[in-house]
Amino acid sequence: MKIKIKKEKLVMSITIGIACFALMLVMFMQFNMVKQTDITGIETMRESELRLELSSWNEKYNELNTIYQETVGKSEEYKNERESYEKTYELLSKELEQLNKALGKTDVEGEGIVIQLTDKAGTQLSEDVKVKRITEEDLLIIVNQLFAAGAEAISINGHRVISTTSIFSIGEEFLKVNGERIVEPYVINAIGNPDYLKSTVSGKGGHVDALKELGHETSVDINKNIKIEKYEKELHTKYID
Amino acid sequence: MIIIAILIGCIVGALIGINAPVIPYTYSTFLAIAVVAALDSVFGGITSVLKKNFDLTIFISGFFCNSILSIALTYLGQKLNLDIYLAALVVFVGRMFTNLTIIRRYYIEKWTSKIEKDDKELQQ
């Protein structure tokens, strides 16, 4: 009888112990959790309130996101536009540069030839034959031949030859290029394929050789790096509309 | 012996509970309602001990069944989008107060009768 009572008591103690264990376990787990999620805002809010808050924030986020996307799209557009403008600007400035070079408004550099003509007028070749002076026609022929051989820029004694360049002589005295007086020796710089240029002016039919045969002192040199200065005056148009 | 069992159970449970991994916030309602149900059972048990009609089977079954049922009801409430756990809370806490009143009355009566007895002995 005594043992039976003890057994019953033991079972009771164990079960109550287990119950206490379970209760305390759950309680302390809960305490722990509440302590960990100690965010004052969230703690005091009900779940439905949180949901409302969340949805409102979500809405705001979506709105801002659409605005952001629009802005990004716009900025992308502007960027593209600017790029296209820049491209156009680049192309135009390149073209302008090219045109300036062709017109002679910029200093240019490149390989080509240097022709030097020293006038030996008056030298007696024989008893009754004197050497005639170099005329504007000689220079014009040489310039023409050089252009025909593909010269890209030509200067005579530093005066750039452009589309409106005039080469003429005043009386028998001196030549004028671009309205500026020049004296011999005449130095003609030409940028272009040096072989073509040289063979054109000094080969058979070349006017430099012809001048040499007439008794003038001439030289044609190939130069890897010729500098030709720009046209020094302003380009005016008065009658062109 | 019962007191020792209670103490051991409480201490071990507390130690394990403190060191247990943190459960997510979403399940906090379930645990809280289970705790309240278990506490209600404990006070009910104490009351029945005082009334001398304590039954271990009823106590244990009430302890665990109430907890599990309250969790199940809370879960159902979440599914129905209705805060059923509030009803369970009202019932459990109300019963806890009733039981506490009974316990209080029992001890106060015991105390006052003891004082009266002492007074009588003194007078005699």
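The shown structure was predicted, so the numbers you read here are calculated from the model rather than taken from an experiment.

Here we come to the interface of chain A and chain B. Contact residues are listed per partner, giving 28 residues for chain A and 33 residues for chain B. Together chain A and chain B conceal approximately 2800 Å² of surface at their shared face, both sides included; 81% is due to carbon and sulfur atoms. Per-residue buried area on chain A facing chain B is highest for L23, M29 and M33 of chain A; these three make up 18% of the total on that side. On inspection of chain A and its partner chain B, the count reaches two residue pairs in polar contact (both at pLDDT 80 or more). Taken together, the elements giving at least two residues each to the side of chain A that touches chain B come down to α1 (2–36) and α2 (40–44) of chain A. Top element by residues in the side of chain A that touches chain B is α1 of chain A. It accounts for 23 residues. Of the residues in the side of chain A that touches chain B, the class split is 18 nonpolar, seven polar and three charged.

All names here are of chain B. Across its 18 residues, helix α1 (residues 2–19) extends 26 Å between first and last C-alpha, which sits within 8% of the 26 Å expected from 1.5 Å per residue. Inspection of α1 places A5, G9, G13, A14 and G17 among the buried residues, and these make up the whole buried set. The buried residues of α1 occupy one face: seen down the axis, they fall within an arc of 155°. With respect to the buried face of α1, the exposed residues turned more than 90 degrees away are I3, I4, I8, I11 and N19.

The next thing to look at is the domain arrangement of chain A. The domain architecture assigned to chain A consists of domain 1 (2–57) and domain 2 (110–228). For domain 1 of chain A versus domain 2 of chain A, the distance between C-alpha centres works out to 111 Å.

Residue and element names in this part refer to chain B. Considering the arrangement of structural elements, one finds D40 in helix α2 (residues 28–50). Accessibility expressed as a relative area gives 1% for D40, which makes it buried. In sequence terms D40 and R95 are 55 residues apart; their C-alpha atoms lie 6.8 Å from each other. Contacts of D40, omitting those with residues within four sequence positions, involve N66, F92, R95, M96 and N99.

On to the sheet that holds strand β1 (residues 108–118) of chain A. All names here are of chain A. Here we have five strands laid out as an open sheet, ordered β3-β2-β7-β1-β8, and antiparallel in their pairing. The sheet is open, and its two borders are formed by β3 (159–160) and β8 (217–228), each paired with just one other strand. Here β1 runs beside strand β7 (residues 186–191); their pairing, made up of six bridges, is antiparallel. Pairing of Q116 across the sheet is with V187, part of β7.

Glancing now at the sheet that holds strand β6 (residues 180–182) of chain A. Residue and element names in this part refer to chain A. Taken in spatial order, the three strands make up an open sheet running β4-β5-β6, and their pairing is antiparallel. Of all the strands in the sheet, just β4 (167–170) and β6 have a single pairing partner and so form its edges. For this sheet, the mean angle separating the axes of adjacent strands, direction not counted, is 40°. The sheet contact formed by strand β5 (residues 174–177) and β6 spans three bridges and is antiparallel. Counterpart to K176 in the pairing with β6 is R181. Lying over the sheet, helix α4 (residues 136–148) contacts β4, β5 and β6, oriented at roughly 170° with respect to β4.

Residues and elements named next belong to chain A. With five of six residues buried, β7 is to be regarded as a mostly interior element. In this structure, strand β2 (residues 153–156) lies alongside β7, joined through four bridges in antiparallel fashion. Opposite S155, over in β7, you have N189 as the bridge partner.

Moving on, we get to a nonpolar patch on the surface. A contiguous nonpolar patch, built from I3, I4, L7, I8, I11, V12, L15 and I16 of chain B and spanning about 760 Å² of accessible area, is present on the exposed surface. Following the sequence through the fold, I11 of chain B ends up in helix α1.

With respect to the element layout, Q78 of chain B can be found in helix α3 (residues 56–80). Taking the relative accessible area as the measure of exposure, Q78 of chain B reaches 38% and is therefore partly exposed.

A separate point is the pattern of salt bridges. All names here are of chain A. Per the counting criterion, the structure on display carries four salt bridges over all chains. Notably, a salt bridge pairs K224 with E111, separated by 3.4 Å at the nearest N-O pair. Of this pair, K224 sits in strand β8 while E111 is found in strand β1, placing the two residues 113 residues apart along the sequence. According to the relative accessible area criterion, K224 is exposed, its value standing at 66%. You can call E111 partly exposed: its relative accessible area is 34%. Measuring nitrogen to oxygen at the nearest pair gives 3.7 Å for the salt bridge that ties K233 to E180. Of this pair, K233 sits in the segment after β8 while E180 sits in strand β6, and the two are 53 residues apart along the sequence.

Look at N157 of chain A: it is not a glycine, yet its phi comes out positive at around 50°. Considering the arrangement of structural elements, one finds N157 of chain A in the loop between β2 and β3. A residue is classified by how much of its surface remains accessible, and N157 of chain A, at 26% relative accessible area, is partly exposed. Phi is positive for K52 of chain B, close to 65°, though the residue is something other than glycine. Looking at the secondary structure, you find K52 of chain B in the loop between α2 and α3. On the accessibility criterion, K52 of chain B (70% relative accessible area) is exposed.

Cut-offs used in this document
- Residues numbered from 1 in each chain as written.
- Chains lettered and ligands numbered in written order.
- Predicted model: local features only at pLDDT ≥ 70, side-chain atom pairs only at ≥ 80, totals over all residues.
- Heavy atoms only, no water.
- Contact = heavy atoms within 4.5 Å.
- Buried area = accessible area lost by both parts, 1.4 Å probe.
- Polar contact = N/O pair within 3.5 Å; in protein donor to acceptor, adjacent residues only side chain to side chain.
- Helix = DSSP H or I, 4+ residues; strand = E, 2+ residues; numbered from the N terminus.
- Nonpolar A, V, L, I, M, F, W, Y, C, P; charged D, E, K, R; others polar.
- Expected span 1.5 Å × (residues − 1).
- Buried < 20%, exposed > 50% of the residue type's maximum accessible area, 1.4 Å probe, protein only.
- Arc of directions from axis to C-beta.
- Domains from an automatic or database assignment.
- Pairing = 2+ DSSP bridges.
- Axes fitted to C-alpha atoms, helices over the stretch in contact; angles between N-to-C directions.
- Patch = residues over 30% accessible without salt bridge, like charges linked within 9 Å, V, L, I, M, F, W, Y side chains within 5 Å.
- Areas by Shrake-Rupley, 256 points an atom, 1.4 Å probe, with all protein chains shown as cover.
- Salt bridge = Lys/Arg side-chain N within 4 Å of Asp/Glu carboxyl O.

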